[in-house]
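These are the residues of each chain, in order.
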Number of protein chains: 2
Amino acid sequence: MLNYTFENLQGETLYEYLYNCIRADIQSGKLAANEKLPSKRALSRQLSISVMTIENAYQQLLSEGFIYSAPRKGFFVAETEVESRKTSLDTPPVSFIEESIPDHPDYFVDFSSNGTNPNDFPFVTWAKLTRRVLADDRELLMENSPSNGLYELRRAIADSLVQFRGMNVSPDCIVVGAGTETLYTILLQLLGRNRVYATENPGYQKIVKLLNANEIANIPIAIDDSGISTSMLAKSKASVAHITPSHHFPTGITMPVRRRNELLAWADVTRGYIIEDEYDSEFRMLGRPIPSLFSMDHHGRVIYMNTFTKSLASTIRVSYMVLPVSLMQKYYKLLSFYSCPVSTFEQLTLADFITQGYYEKHINRMRTMFRRKRDLLMDAIKNSPLADHSRIREENAGLHFVIELDLKISDDAFLNKLAEEDIHLLPLAAYGTSHPHAFLINYSSIPEERIEEAVARLARCLAD
Amino acid sequence: MLNYTFENLQGETLYEYLYNCIRADIQSGKLAANEKLPSKRALSRQLSISVMTIENAYQQLLSEGFIYSAPRKGFFVAETEVESRKTSLDTPPVSFIEESIPDHPDYFVDFSSNGTNPNDFPFVTWAKLTRRVLADDRELLMENSPSNGLYELRRAIADSLVQFRGMNVSPDCIVVGAGTETLYTILLQLLGRNRVYATENPGYQKIVKLLNANEIANIPIAIDDSGISTSMLAKSKASVAHITPSHHFPTGITMPVRRRNELLAWADVTRGYIIEDEYDSEFRMLGRPIPSLFSMDHHGRVIYMNTFTKSLASTIRVSYMVLPVSLMQKYYKLLSFYSCPVSTFEQLTLADFITQGYYEKHINRMRTMFRRKRDLLMDAIKNSPLADHSRIREENAGLHFVIELDLKISDDAFLNKLAEEDIHLLPLAAYGTSHPHAFLINYSSIPEERIEEAVARLARCLAD
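In what follows, the accompanying structure is described.

1. Observations concerning the pattern of salt bridges
All chains considered together, the criterion is met by 40 salt bridges over all chains. For Asp 406 of chain A, the salt bridge is made with Arg 391 of chain A, and the minimal N-O distance between the two is 3.0 Å. Of the two residues, Asp 406 of chain A is situated in the loop between strand S13 (400-405) and helix H16 (411-420) and Arg 391 of chain A in strand S12 (residues 390-393); the sequence distance between them amounts to 15 residues. Judged by its relative accessible area of 31%, Asp 406 of chain A is partly exposed. For the salt bridge of Glu 453 of chain A with Arg 457 of chain A, the shortest nitrogen-to-oxygen distance reads 2.8 Å. Remark: Arg 457 of chain A and Glu 453 of chain A occur in helix H17 (residues 451-463); sequence separation between them is 4 residues, near one turn of the helix. The partly exposed category is assigned to Glu 453 of chain A, whose relative accessible area is 31%. Its relative accessible area of 15% is what places Arg 457 of chain A among the buried residues. Among the charged side chains, a salt-bridge network with shared partners connects Glu 79 of chain A together with Asp 224, Arg 258, Arg 259 and Glu 262 of chain B.

2. What to know about a negative patch on the surface
Among the surface-exposed residues, Asp 106 and Asp 422 of chain A together with Glu 139, Glu 143 and Glu 152 of chain B lie close enough to one another that they form a single negatively charged patch. Note on placement: Asp 422 of chain A falls in the loop between H16 and strand S14 (423-424).

3. Here's the deal with the environment of His 242 of chain B
All names here are of chain B. Here His 242 shows up in strand S8 (residues 240-243). Sequence separation of His 242 and Glu 276 is 34 residues, and the distance between their C-alpha atoms is 6.4 Å. Not counting residues up to four positions away in its chain, the partners in contact with His 242 are Tyr 184, Ala 198, Thr 199, Glu 200, Ile 207, Ile 275 and Asp 277. A polar side-chain atom of His 242 sits 2.8 Å from a polar atom in the side chain of Tyr 184.

4. Brief notes about unusual backbone geometry
For the peptide bond that leads from Asn 201 of chain A to Pro 202 of chain A, omega is 5°, which places it in the cis range. Along the chain, Pro 202 of chain A falls in the loop between strand S5 (197-201) and helix H8 (205-213). Backbone geometry places Asn 34 of chain B, a non-glycine residue, at a positive phi of 70°. Since its relative accessible area comes to 40%, Asn 34 of chain B is described here as partly exposed.

5. Remarks on the environment of Ile 409 of chain B
Residue and element names in this part refer to chain B. With respect to the secondary-structure elements, Ile 409 resides in the loop between strand S13 (400-405) and helix H16 (411-420). Overall, the relative accessible area of 29% leaves Ile 409 in the partly exposed class. Through-space distance from the C-alpha of Ile 409 to that of His 437 is 9.4 Å; in sequence the pair is 28 residues apart.

6. Here we look at a positive patch on the surface
On the surface, Lys 128, Arg 131 and Lys 361 of chain A together with Lys 128, Arg 131 and Lys 361 of chain B cluster together into a patch of positive charge. Residue assignment for the positive patch shows that the elements contributing at least two residues are helix H4 (123-136) of chain A together with helix H4 (123-136) of chain B. Within the secondary structure, Lys 361 of chain B is located in helix H15 (residues 358-382).

7. A look at the sheet that holds S12 of chain A
Residue and element names in this part refer to chain A. A sheet is described by the order of its strands in space; here 4 strands give the open sequence S12-S13-S16-S15, paired in antiparallel fashion. Since the sheet does not close on itself, it has two edges, and those belong to S12 and strand S15 (426-427), each with one partner. The sheet strands contacting helix H15 (residues 358-382) are S12, S13 and strand S16 (438-442), and the helix crosses S13 at an angle near 10°.

8. Thoughts on the sheet that holds strand S12 (residues 390-393) of chain B
Residues and elements named next belong to chain B. On the basis of which strands lie adjacent, the open sheet formed by 4 strands has the order S12-S13-S16-S15 and antiparallel pairing. Each having just a single partner strand, S12 and strand S15 (426-427) make up the two edges of the open sheet. Pairing geometry for S15 and strand S16 (residues 438-442), over 2 bridges, is antiparallel. In the strand pairing of S16, Leu 426 is matched with Leu 440. The sheet contacts of H15 involve S12, S13 and S16, and relative to S13 the element is tilted by about 10°. The strands that H16 touches are S13, S15 and S16; relative to S16, the one it contacts most, it runs at about 35°.

Conventions used here
Residues numbered from 1 in each chain as written. Chains lettered and ligands numbered in written order. Predicted model: local features only at pLDDT ≥ 70, side-chain atom pairs only at ≥ 80, totals over all residues. Heavy atoms only, no water. Salt bridge = Lys/Arg side-chain N within 4 Å of Asp/Glu carboxyl O. Helix = DSSP H or I, 4+ residues; strand = E, 2+ residues; numbered from the N terminus. Buried < 20%, exposed > 50% of the residue type's maximum accessible area, 1.4 Å probe, protein only. Patch = residues over 30% accessible without salt bridge, like charges linked within 9 Å, V, L, I, M, F, W, Y side chains within 5 Å. Areas by Shrake-Rupley, 256 points an atom, 1.4 Å probe, with all protein chains shown as cover. Lys, Arg positive; Asp, Glu negative; His and termini not counted. Charge placed at Lys NZ, Arg CZ, Asp CG, Glu CD. Contact = heavy atoms within 4.5 Å. Polar contact = N/O pair within 3.5 Å; in protein donor to acceptor, adjacent residues only side chain to side chain. Pairing = 2+ DSSP bridges. Axes fitted to C-alpha atoms, helices over the stretch in contact; angles between N-to-C directions.

So this is what it looks like as structure tokens:
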């Protein structure tokens, strides 16, 4: 037994080869359970290899449970088989996915979402700051971030909230997340799973998907001209409302003060919560930004949420929420065992980016560029045959507007024609409402030089 | 009415000043609801400022809902108050947290956890790769990552799994997360909330906290000499088992093959799932790593989980899981609406780090260093009075071992004495078991030059 030759050695060490041989014999049954193995010394002589090699192979087999040792008696083959199972370690399964990720074709112009144009990201500055952080902040980079994010970043966010939003919040009430989705996940745990969530209809379908995936009760509440209907909200069983008051997605409505007060009153009376999602408030096109609901709230009912994925790059996953003090205390007590999901490398770089004024400059530059794009787009529409057959709804906020078209064909037929012209457009209906002939125009990432041609194609498809 | 002077202008533009004056009058009630405002032209003459300035101020008030317009009639003050609420926009709440984050005192030696020593992280290489990525991969950096991570990173992970673990998996079955916690959150949704989770006792308390915070039923299952007890598991209602078979945390047990087969048989029979958490398998100190449960599984019952937070840096939040094909298909169908929580910047840098062989070099360098530290520590213990009053339990795996001490005093009293000597140690009991006089020694981040002195202090506290 155990009469192995070492002729077929292929790159393995002697001990690995020996280990493999013995293991194979155990698995094939050649070596039976509880059979005694030769002593290390005996096997060493028999195979003409060192005792150390045998020792290493036995040790490996021992630690994997293929053999066991009895004091002063030696090594024995272990029972490894379980009745209902045949082991075959050597054929790992090769996995494959039949339904792969859907393709993203290259459209001439894609109005369906606001990506980040590679030319618009401040790569030079970001690279400079990254270099600085990697050279100077090594200690800090290796130190675990507090659960709610590095103080440096929360301080920078608090400062920018004063500057951009006139909001005065403590860095201690800020929780940093890797995109708003990780923050929602925290909120579900913080607010408790027995609450019913109200979502805007139409509105972000992602939040609805997230609630459904987490098996959290949720109901769509209709949008009227002022935003979410407070009377319908009051009639519902909801105790948490997710809203986008600065710039409703997708209709573009800015919630007027009266409705804001009604919402706050609803939250006060019902002890409910409002999640105020300000996904693109930095890009308000005219005038100063509207005060946040969070600033208007005096009873700790509003959770403020914002993200750098819209204002900086969708691929930098940093978002944050500001919690009322009572919820923040609960967070520290119950949920601060979670690690912050954003790496310290990115937290520190972003903190520098904000603190050194680059963020403000970037926002201003982007706002100017977006405004120019919007104006070009509006002019192109005004000077095209579309002018007499469409109405634009927008509130000078955010990075999209809605266009209503006088269509003689169905929305689907129209969109198919557009697709043939290499233009991608989403109907408002895709966001959970039955609003015919209304389409969403996300304009932030479309190339300026293609605007005129894109409008011409839209007009052509409308006319045909 | 509206008789404002512009003497107190402080940095605001004229229109902002005017907007603030009118808003204040509306909020104070000086301007009553439904009162008509002067026409833009009239107010322009009255205040001697341009029509455009009035227009901008009115527009702002309009978009915030403080005034409304009636076609051909002009502008009117809106009703903003809600019965039960007094608005006072100008005093945003200042938040503060009473219970702050606990302090981390600087110990002489801290055996309680394995952090990353700033000197051990490959900063120069990381900086070089980051620079390269920021210079060359701009398009890719701005492109949204698939929900389960960039292909480049998943490919690199799949390759390193072959290399380090002999595991043959498709990149399509890998899901990248920002630390294992974000992956558990995905798993809870993927496996469904009605399952009962079995956790190792003693074991990682974080997974228990996470399950509790998500209100998921879970039960602790005792550990015997081979790891989690399959007989107790079979008697329980659990259908998902979270285990650390390569190197049980905290006892250090490596699960033998027989128990592995028993576990797989349990999962086959009950249609249950095993979450195989390999948090530090790269640092096995002797011999080749033990085959993963995932490789032994032929029926899609094992979810393999690993992380770069242990092998690279705890502050780089990248982890991954490998799903069986059936679960991966379910993931694509139900949960791929989630954005990948890791930024493309870090995904691409890490992918390069692995692909160009730096990861392997890093692991080898670290393994050598950790082995040296472990040997120094073992020698120091052997040559100290501790030798006759302690037993060490370890399996040559991972970055910690357990030391059992012949204590004449209580664990608490001993730990207090140690704290006075500036040494931090955690009892095994902290991980959910009643194992007296057993303590956890995490040695990866302790400074070599302090090992001898730390052991001397341990011995002193034991002798006193």
